[in-house]
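Fold and geometry: a report
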Amino acid sequence: MKHVKRLEIIIDAPELPTLLALLRAKGVSGYTVISPVTGSGGRGYRRNDEPGGGSGNACVLTAVSNEQAEEVIESIRPVLKRRGGICLVTDAQLVIH
Amino acid sequence: MKHVKRLEIIIDAPELPTLLALLRAKGVSGYTVISPVTGSGGRGYRRNDEPGGGSGNACVLTAVSNEQAEEVIESIRPVLKRRGGICLVTDAQLVIH
Amino acid sequence: MKHVKRLEIIIDAPELPTLLALLRAKGVSGYTVISPVTGSGGRGYRRNDEPGGGSGNACVLTAVSNEQAEEVIESIRPVLKRRGGICLVTDAQLVIH
Amino acid sequence: MDAALILSNLLNPPVLFFFLGMLACLIGSDLEIPHPLPKFFSLYLLLSIGFKGGVELHKSGLTPQVSWTLAAAMFMAVAVPLWTFFVLRRKLDVNNAAAVAATYGSVSAVTFIAATSFLGQLGVTSGGHMVAAMALMESPAIIVGIAVARWLGKGNGTAFSWSHLLRDAFANGSVLVLIGALVIGLLTGESGGKALAPFTNDIFRGMLCLFLLDMGIVSARRLGGIRQLGIFPIAFATLVPLVNAAVAIALAHFIGLGRGDALLLTVLCASASYIAVPAAMRLALPEANPGLYVTMSLAITFPFNIILGLPLYMSVINRIWT
Amino acid sequence: MDAALILSNLLNPPVLFFFLGMLACLIGSDLEIPHPLPKFFSLYLLLSIGFKGGVELHKSGLTPQVSWTLAAAMFMAVAVPLWTFFVLRRKLDVNNAAAVAATYGSVSAVTFIAATSFLGQLGVTSGGHMVAAMALMESPAIIVGIAVARWLGKGNGTAFSWSHLLRDAFANGSVLVLIGALVIGLLTGESGGKALAPFTNDIFRGMLCLFLLDMGIVSARRLGGIRQLGIFPIAFATLVPLVNAAVAIALAHFIGLGRGDALLLTVLCASASYIAVPAAMRLALPEANPGLYVTMSLAITFPFNIILGLPLYMSVINRIWT
Amino acid sequence: MDAALILSNLLNPPVLFFFLGMLACLIGSDLEIPHPLPKFFSLYLLLSIGFKGGVELHKSGLTPQVSWTLAAAMFMAVAVPLWTFFVLRRKLDVNNAAAVAATYGSVSAVTFIAATSFLGQLGVTSGGHMVAAMALMESPAIIVGIAVARWLGKGNGTAFSWSHLLRDAFANGSVLVLIGALVIGLLTGESGGKALAPFTNDIFRGMLCLFLLDMGIVSARRLGGIRQLGIFPIAFATLVPLVNAAVAIALAHFIGLGRGDALLLTVLCASASYIAVPAAMRLALPEANPGLYVTMSLAITFPFNIILGLPLYMSVINRIWT
Ligand SMILES: Nc1ncnc2c1ncn2[C@@H]1O[C@H](COP(=O)(O)O)[C@@H](O)[C@H]1O
Ligand SMILES: Nc1ncnc2c1ncn2[C@@H]1O[C@H](COP(=O)(O)O)[C@@H](O)[C@H]1O
Ligand SMILES: Nc1ncnc2c1ncn2[C@@H]1O[C@H](COP(=O)(O)O)[C@@H](O)[C@H]1O
Ligand code: NA
Ligand code: NA
Ligand code: NA
């Protein structure tokens, strides 16, 4: 088992491609996406019930090495600043094949 | 980065409005909802495949300040007692715009 | 509140029944399933957009006692080895009815 | 009960797709109708059946015959949950007894629909007001079940509240769509009926096939769970429909219904709800175990009625009516 | 404005299902059309309306009459977001003003569809090229809105880029399906039209009912939020459609449209977008608050047009045209 | 190969919607058909095509002609995965070679459907038993592929088991729906056929358009990935269909099929599976890379057949048959 940082990023669904591109640019090739998710925050309640579209969020879960973590977080800060959303960081252990 | 408690609450989907009302009542304005999710627990397996309805659960993720945490948890206990479900608490760091 | 290990297992969706059977075999009766989720890892990007099927993953969340954890993890290793996927382990506290 | 009836029931595409679904599950196929498609099919079926019924009722009007039928339906919808509750109480706790009673007091729209398409195949006519009867029978059992549980169920936290009770009974999504569509059909009448016919009538049986394909999968999944239920629920799930059917047939004969309407009333009384009631019970009686009442109605009573019940009730009615 | 018109509009099944949805939400029903079913319905409606319009346009061809109509539509699609922006700017910041202006400059396909089925009920004919007018009116408002925000909006990080602007305006999923289906209808003409008719025409009103049932729920959910908007947005959401409608009626009369086409042009100008524009604004103007522009168009302007607007505009047109 | 054929194929609404989907993806539109709607469309298409085929087969019966066709289909379904495997083995490991071989040995129902609607447009008749041929061709390739991989693939943990093999081949959801619907069509015959016709026939082409719209998006998404595949898979994905088509045409001519049936047999052999086989391979050969076999069949062979294959095969057949 390897000590890693578990990053959980919740952003506006249309920002997902941008975010994933950022992650890949930082060499993060492993991530899991849960989309759509709904929620509420500083920008109000996102019901995601708008006809033919919706205001859903996406939740991106990625386990990165403790070294990478800092850099990855800094790289996504601007997205959170511009489009809202959060990033939750927890210490975890990764079991992989 | 701010130290927070990451609460992960899993309850019977129809209880979601009640739960969110409780959270807002405690001043928790930020949360993310994943619904429906399925699962199994003391009340058996919830397949969520019942025609035209289903027995899904909802998963509510919320990052609250260490001070709030205790109070929020106590406020949702009754719901868990009455309708089942769980709440998982982890230490996390919150990155926000 | 009880100290537990929070296991988060992400695997190829068709493997879900196998995995849940393994968990139950180890006496784990409580778990939550989020499916489908998409993602990327050693085996490439899973878009889950294949017509009439899809390459989705499933995310299984289970809180197990610290004693159980080790054994459960070892029992699912072969699945991760054979079919890919990951297991993230975090320390958590469980609030239950 | 003659073989021709059984056969013409079995050779009905919807029923065959139900079997296909069961087969898929039993041979361990990965076939599944992912959420929320089944919800779409049930929504479509409730909307269409309700709307068509409303249009028919608009044509026929409220004749004495119709009123008698509705009265009989209402009577059964209140009587069945009451008598079954006291039977169930001998083996089950208050909450579970109340939930099962409500399940069997209410109706299964899809069994009703299967019955109408069965009649269509036999060329037996039936009145559109029977849909109104179905709509009337959805809610009373829910009210009776919850009320009984509240009154006899001591010390289960939740206090009794009429407003909650009525909301659980009528604000239920499925009930609302069925009744709403019925009223809309009544208001718009034949012009509305014509405008929607291609949607509510023509493609109806196809959508029914899709829904029953899913129902087959879903009920087969629960077959394993039946054993754990024990003998009492299994016996209840097969015998009580027969008793209710018998009473319904007598009633139908007494108020002089035609053979088609008689079958539909019988099926309504013999069928158990697995859409509206479970949803309502989950909200109102969370202490009751869905593994019990859903399994009974979905995995036992529904297939029983679809496969054996329809031809059986029909043949009995044929005997008596002639 | 005569009662008969209001009534024949209200007795339209789609409108009644819209009310049913509102009712469900207001009495706290658990009725909901789970994601992504509404997306399926809107996709179907856009595809069908676009395709049928293309086929019609293929028949009619580009007559002067048609060209004038399209020109008028284009003019309004550019004029409305401009004039409303400066009105809005008095109370709102640049981004929100631009977003609301784009919302009201663009069109609501479903209001248009409801208008056509309203005309159908009155037996008033209209031209298929009106769909082309609708398609033309979807995007200009988006471009104007974003452009204005970029030019007047100082220091909001994002730099101005034409390619982004055009992509946001035309690569928008809903716009693309509508325009794409229109072109496909144009290319395949009557043969294609006949082949798809059962899908695009016959079941159309039924699908519209399902979509409006959802719209009813969704708009009712937002009724609570209206109060927080304050008086200005509410007044804007009800008065501006009337102003735009008046201008449109004058324009329609000036270029000599028939009564049917006149109503459709009026409805296009009076309606506000809640599918294409919000999606585009979310991408291009994230700083604008969807709680404002979505609520205005969805919870106020849409019901207003569907319930009162249609008969009102029609009766005015009837007065003037005769 | 004459231009008229290409054109009449391209001016087919379903094909045009396929292009619309591709266009949407290439210009970076946010258009997408969210999960599980595509599953709904494919389920509908498989159910309808299977059911209609069964009804047709019920009419025609098992004539010698029909038997010969089915025999030829079976032969190709076994021969193709075998010969292609040994070609593929020169460049790919056992698992990938087996998975690709199975993919090309099996069939693409949607290519088949596009071919039938192409024939419909040309006014060329074809037999319903061709659907039976398609159903027969779904599974053998899966069996051959897995069997070959198990026998030649040393030391990949999983032991060989016939029961698993058969389940992977026949319990596959899509295969089951297709075969099940075929059998149901056979059992219910014309009466069943008539009852479901509005659902399975009338709205069929519309649903096909929706499905192909999604297919366009999905294949365009993978165009980028083609380059990484390298030259061999690309060549294979375009040349092998031509080889199989040639053999199929010869076979069809030899057993004296009509032009319509000949085209359908050709398309079956030339097409590659992207629904049933990938699902089965994922379960049985997880070591094989879906990025390879799905991309080849979905992003290269499918568009190739839909756009060029159909008119090409038809013109060759026209030459030879006259
Ligand atoms: N404290 C929180 N806990 C969990 N999720 C949050 C929290 N704050 C915001 N979110 C999620 O992030 C999304 C965007 O947040 P915001 O930009 O603050 O509106 C919200 O819709 C929620 O889904
Ligand atoms: N130990 C656990 N780990 C993860 N999820 C759980 C656990 N126990 C219960 N759950 C979730 O909570 C829901 C309700 O739990 P219960 O009330 O115990 O049936 C279950 O359906 C699961 O989704
Ligand atoms: N580092 C990671 N963080 C989060 N999820 C991951 C990570 N690596 C793999 N996954 C998930 O596990 C699935 C299978 O992983 P793999 O077998 O490595 O392709 C991927 O599709 C992702 O959904
Ligand atoms: Na009953
Ligand atoms: Na407008
Ligand atoms: Na093939």
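Rules used in this analysis
Residues numbered from 1 in each chain as written. Chains lettered and ligands numbered in written order. Predicted model: local features only at pLDDT ≥ 70, side-chain atom pairs only at ≥ 80, totals over all residues. Heavy atoms only, no water. Helix = DSSP H or I, 4+ residues; strand = E, 2+ residues; numbered from the N terminus. Rg over C-alpha atoms; globule rule 2.2 N^0.38 Å. Buried < 20%, exposed > 50% of the residue type's maximum accessible area, 1.4 Å probe, protein only. Contact = heavy atoms within 4.5 Å. Areas by Shrake-Rupley, 256 points an atom, 1.4 Å probe, with all protein chains shown as cover. Donors = N, O, S within 2.8 Å, 3.2 Å for Na, K, Ca; no water. Near = heavy atom within 4 Å. Polar contact = N/O pair within 3.5 Å; in protein donor to acceptor, adjacent residues only side chain to side chain. Buried area = accessible area lost by both parts, 1.4 Å probe. Salt bridge = Lys/Arg side-chain N within 4 Å of Asp/Glu carboxyl O. Nonpolar A, V, L, I, M, F, W, Y, C, P; charged D, E, K, R; others polar. Expected span 1.5 Å × (residues − 1). Least-squares fit on C-alpha atoms with pLDDT ≥ 70 in both. Phe/Tyr/Trp six-rings, centres within 6.5 Å; stacked < 30°, edge-to-face > 60°. Lys NZ or Arg CZ within 6 Å of the ring centre and 35° of its normal.

Across its full length, chain D carries 15 helices and 0 strands. Against the 2.2 N^0.38 benchmark of 20 Å for 322 residues, chain D shows a C-alpha radius of gyration of 19 Å, consistent with a compact globule. Seen along its three principal axes, the alpha-carbon backbone of chain D occupies a region of about 55 × 45 × 40 Å. With 322 residues in all, chain D has 65% of them scored as buried. For chain D, restricting intrachain contacts to residue pairs at least 6 apart in sequence, the fraction spanning at least 24 positions comes to 89%. As displayed, chain D offers around 10600 Å² of accessible surface, 68% of which is attributable to carbon and sulfur atoms.

What follows covers the coordination of the sodium ion (ligand 4). All names here are of chain D. Within the protein, the atoms that donate to the sodium ion (ligand 4) are Tyr104 (O), Ser106 (O), Leu268 (O), Cys269 (O) and Ser271 (O), at distances of 2.4 to 2.9 Å. Sequence positions of the donors to the sodium ion (ligand 4) reduce to the motif Y-x1-S-x161-L-C-x1-S. In this pair, serine 106 is assigned in the loop between helix 5 (94–105) and helix 6 (109–122) and serine 271 in the loop between helix 13 (259–270) and helix 14 (276–284), connecting sequence segments 165 residues apart. By relative accessible area, serine 106 is classed as buried at 0%. On the basis of relative accessibility, which here comes to 1%, the residue serine 271 falls in the buried class.

Glancing now at the site of ligand 1. The environment of ligand 1 is made up of 19 residues, and the closest members are A:Gly42, A:Arg43, A:Asn57, A:Gly85 and B:Thr32. The environment around ligand 1 is built from residues contributed by chains A and B. In this structure, A:Gly42 approaches ligand 1 through a main-chain N or O atom, which is 2.7 Å from an oxygen atom. Within the side chain of A:Asn57, a nitrogen or oxygen atom sits 2.8 Å from an oxygen atom of ligand 1. Computed on the free molecule, ligand 1 has an accessible area of 480 Å², of which 95% lies beneath the protein chains in the complex.

With that settled, consider the site of ligand 3. Of all residues adjacent to ligand 3, which total 19 residues, the nearest are A:Thr32, C:Gly42, C:Arg43, C:Asn57 and C:Gly85. In this structure, ligand 3 is bordered by residues of chains A and C. At 3.5 Å, a backbone N or O of A:Tyr31 approaches an oxygen atom of ligand 3. In this structure, an oxygen atom belonging to ligand 3 sits 2.7 Å away from a main-chain N or O atom of C:Gly42. If ligand 3 stood free it would expose 480 Å²; the protein chains cover 95% of that surface. If you list the elements that add at least two residues to the shell around ligand 3, you get strand 2 (31–41) and strand 4 (57–65) of chain A together with strand 2 (31–41) of chain C.

Let's shift gears to the arrangement of the chains. Chain A makes no contact with chain D; the smallest distance between any of their C-alpha atoms is 14 Å. No interface is formed between chain C and chain E, the nearest pair of C-alpha atoms being 14 Å apart.

Let's shift gears to the interface of chain D and chain F. Taken residue by residue, the interface counts 27 residues in chain D and 23 residues in chain F. Taken over both partners, the interface formed by chain D and chain F buries close to 2200 Å², and the fraction arising from carbon and sulfur atoms is 84%. There are 0 salt bridges connecting chain D and chain F. Counting across the interface, chain D meets chain F through 2 residue pairs in polar contact (both at pLDDT 80 or more). Of all the secondary-structure elements, those providing two or more residues to the side of chain D that touches chain F are helix 2 (13–26), helix 3 (37–60) and helix 11 (204–229) of chain D. For the side of chain D that touches chain F, the class distribution of residues is 19 nonpolar, 4 polar and 4 charged.

Residues and elements named next belong to chain F. Here helix 13 (residues 259–270) spans 16 Å end to end across 12 residues, near enough to the 16 Å set by a 1.5 Å rise per residue. Counting buried residues in helix 13 gives 11 out of 12 residues, a clear majority hidden from the surface. Taken together, the buried positions of helix 13 are Gly260, Asp261, Ala262, Leu263, Leu264, Leu265, Thr266, Val267, Leu268, Cys269 and Ala270. Residues of helix 13 that are buried in the fold lie against helix 4 (64–89), helix 5 (94–105), helix 6 (109–122), helix 7 (129–138), helix 12 (231–254) and helix 15 (290–321).

Below, the discussion takes up the relation of the copies chain A and chain C. The two copies are related by a screw motion: chain A maps onto chain C through a turn of 120° and a shift of 0.0 Å along the axis, at an RMSD of 0.0 Å. The transformation just described matches what one would write down for a three-fold rotation axis.

Turning our eyes to something else, we now look at the relation of the copies chain D and chain F. Each of the two chain copies goes to the other by way of a rotation about an axis and a shift along it. Mapping chain D onto chain F calls for a screw motion: a turn of 120° about the axis and a shift of 0.0 Å along it, with 0.0 Å RMSD after fitting. The two copies present different faces, since only 11% of the interface residues in chain D are matched by interface residues at the equivalent positions in chain F.

The subject of this paragraph is the pattern of salt bridges. Between side chains of opposite charge, a pair can form as their charged atoms come close. Tallied over the full model, the rule gives 42 salt bridges over all chains. Here F:Lys59 makes a salt bridge to F:Glu56, at a shortest N to O gap of 3.5 Å. Here F:Lys59 pairs with F:Glu56, and both are found in helix 3 (residues 37–60), just 3 residues apart, close to one helical turn. Accessibility expressed as a relative area gives 33% for F:Glu56, which makes it partly exposed. The structure contains a network of salt bridges with shared partners spanning A:Arg6, A:Glu8, B:Arg6, B:Glu8, C:Arg6 and C:Glu8.

Before going further, it helps to spend a moment on the coordination of the sodium ion (ligand 6). Six octahedral donors around a metal ideally make angles of 90 or 180 degrees; four tetrahedral donors ideally make 109.5 degrees. Residues and elements named next belong to chain F. The protein atoms that coordinate the sodium ion (ligand 6) are Tyr104 (O), Ser106 (O), Leu268 (O), Cys269 (O) and Ser271 (O), at distances of 2.4 to 2.9 Å. Considered as a linear motif, the donors of the sodium ion (ligand 6) on their single chain read Y-x1-S-x161-L-C-x1-S. For cysteine 269, a relative accessible area of 2% translates into the label buried.

Applying the stated criterion across every chain yields a total of 36 aromatic pairs over all chains. Their ring planes at 50° and their centres at 5.7 Å tell us that D:Phe41 and F:Phe40 sit as a pair that is tilted. Placement of D:Phe41 in helix 3 and of F:Phe40 in helix 3 is noted, with the two residues assigned to different chains. Across this residue pair, the class does not change: D:Phe41 and F:Phe40 are buried. Following the ring pairs from residue to residue traces out a cluster consisting of D:Phe40, D:Phe41, E:Phe40, E:Phe41, F:Phe40 and F:Phe41. Between the NZ or CZ atom of E:Lys52 and the centre of the ring of E:Phe204, over which it lies, the distance is 3.6 Å.

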